[in-house]
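Residues per chain are reported as follows:
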Amino acid sequence: MTSSAYGLHRVVEPAGVLPQQAWRLSSDPRLSPDEVLVDVSRLNLDAASYRQLREQHGSPEAVRRAVLEIVETRGKMHNPVTGSGGMLLGTVREVGPESPLGLRVGDRIATLVSLTLTPLRIEDGLADWSGEGEQVPCRGTAVLFGRSIAATLPADLPEELALSVLDVCGAPALTDRVVRSAGPAPSVLVLGGGGKSGSLSLAAARRAGAERLVALVPTEREADDVLSAGLADEVVIADARDPLAVADAVGTPVDVTVVCVDVPGCEHGAVLATADGGTIVFFSMATSFPAAALGAEGLAADVRMLIGNGYVPGHAEFAIDLIRSEPGVRELFERRERHTSRT
């Protein structure tokens, strides 16, 4: 098959599908004219995928082996249970003569497309990763297509911090768009407000004019963190998987609900917490479309439901600006990284 900007020529099986849907990709580092070869230095597994791997496999060493097996089997990091992957950080090694991405050899970049559609080859057996934490130091290669997206890393931020922010940069950008379209001074709820995408979404909602800003978190520790960062007007504690507990904790239903929780079963709580005529934005890779759609129908809830696809024009720049200009958000990110490094 001839080269395709969508990466169709990289699909090994099954034939006729796009790379994200494929079971297996070719990670051959020899490039087509519009491709880019990246020397990978770090993977950032998405939160839902890492949680599932940890819960299934238990020990960090077993998690490490599982990630290696997925990449070796599929030619990409595509968790077969969650259907999600993450993104990566690396250095551009080679640029095809017809690549439209504007990248240059030597650029330090973060990919803004999912690892579930990125041809990936691990060359060091993940020897420098213990299996603990979502960020995975490694050596290997990845291939970007003509329609891929990547961002050059900002020089003023630590690479690990920039990678964490860019991993979820679609969430705050779409939150900004939805909140601004919801009318003057809307009320906004963020489920999972203490996490990466959640804290950025809180900051984006505030910037977009939210009048009542509610963060729902699962623990007292996260509540204290969000309160001390000044990111929300109200912080409530509840299990996002318990619909009645969510509704009771939030009280008056909100105009916009943003779901950033990395566990399944949070759809009905989001529906109950959202006012009729309101909007729910699902960013979690653990979201079930049937549960959301049928749950809203069964609750006779007149809500608009959006699935955040991770891409909004200008999303990388928007998220980086938030981490630069909102000290509370950066504090939460750095505290989370410190906590992860100790576990």
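Since the model is a prediction, treat every value here as computed from it, not as a measurement. (Residues numbered from 1 in each chain as written. Predicted model: local features only at pLDDT ≥ 70, side-chain atom pairs only at ≥ 80, totals over all residues. Heavy atoms only, no water.)

**Description of the pattern of salt bridges**
Quick note on the threshold: Here, a salt bridge means any Lys or Arg side-chain nitrogen found within 4 Å of an Asp or Glu carboxyl oxygen. Elements are defined by DSSP. Helices are runs of H or I of four residues or more, strands are runs of E of two residues or more, and each kind is numbered from the N terminus. When a residue's accessible area, from a 1.4 Å probe over protein chains only, is under 20% of the maximum for its type it is buried; when over 50% it is exposed; and in between it is partly exposed.
In total, this model carries 25 salt bridges according to the counting rule given. When the shortest N-O distance is used, the salt bridge between Glu13 and Arg24 registers 3.2 Å. Taken together, the residues Glu13 in strand β1 (residues 11-13) and Arg24 in strand β2 (residues 24-25) connect sequence positions 11 residues apart. With a relative accessible area of 32%, Arg24 lands in the partly exposed category. With a shortest N-O distance of 2.5 Å, Glu331 and Arg335 are connected by a salt bridge. Highlighted residues: Glu331 and Arg335, both in helix α11 (residues 327-342), separated by 4 residues, approximately one helical turn.

**Topic: the packing of aromatic side chains**
Filter applied, for reference: Only the six-membered ring of Trp is used, alongside the rings of Phe and Tyr, when aromatic pairs are assigned; centres must lie within 6.5 Å, and planes under 30 degrees apart are stacked while those over 60 apart are edge-to-face, with the rest tilted. Distance and angle both matter: a charge sits over a ring if NZ of Lys or CZ of Arg is within 6 Å of the ring centre and within 35 degrees of the ring normal.
A complete count under the given rule lists 0 aromatic pairs for this structure. One cation-aromatic arrangement involves Arg74 over Trp23; the distance from NZ or CZ to the ring centre is 3.8 Å. Above the face of the Phe318 ring, Arg207 is positioned so that its terminal group lies 5.8 Å from the ring centre.

**Describing the sheet that holds strand β11 (residues 234-237)**
Stated precisely, the cut-off is as follows: We treat two strands as partners when DSSP finds at least two bridges between them. Axes here mean lines fitted to C-alpha atoms, for a helix over just the part in contact, with angles spanning 0 to 180 degrees between N-to-C directions.
Spatially, β11-β10-β9-β12-β13-β14 is the arrangement adopted by the 6 strands of the open sheet, whose pairing is parallel. Each end of this open sheet is capped by a strand with a single partner; those strands are β11 and β14 (304-307). Pairs of neighbouring strands in the sheet enclose a mean axial angle of 20°, with direction left out of account. Two elements, strand β9 (residues 187-191) and strand β12 (residues 254-259), share 4 bridges in a ladder whose sense is parallel. Bridging across to β12, Leu189 finds its partner in Thr257.

**Points about unusual backbone geometry**
The residue after Glu13, namely Pro14, is reached through a cis peptide bond having omega -10°. Assignment of secondary structure puts Pro14 in the loop between β1 and β2. Unusually for a residue other than glycine, Ala185 sits at a positive phi of about 50°. With respect to the element layout, Ala185 can be found in the loop between α4 (170-181) and β9. Classification of Ala185 as partly exposed rests on a relative accessible area of 36%.

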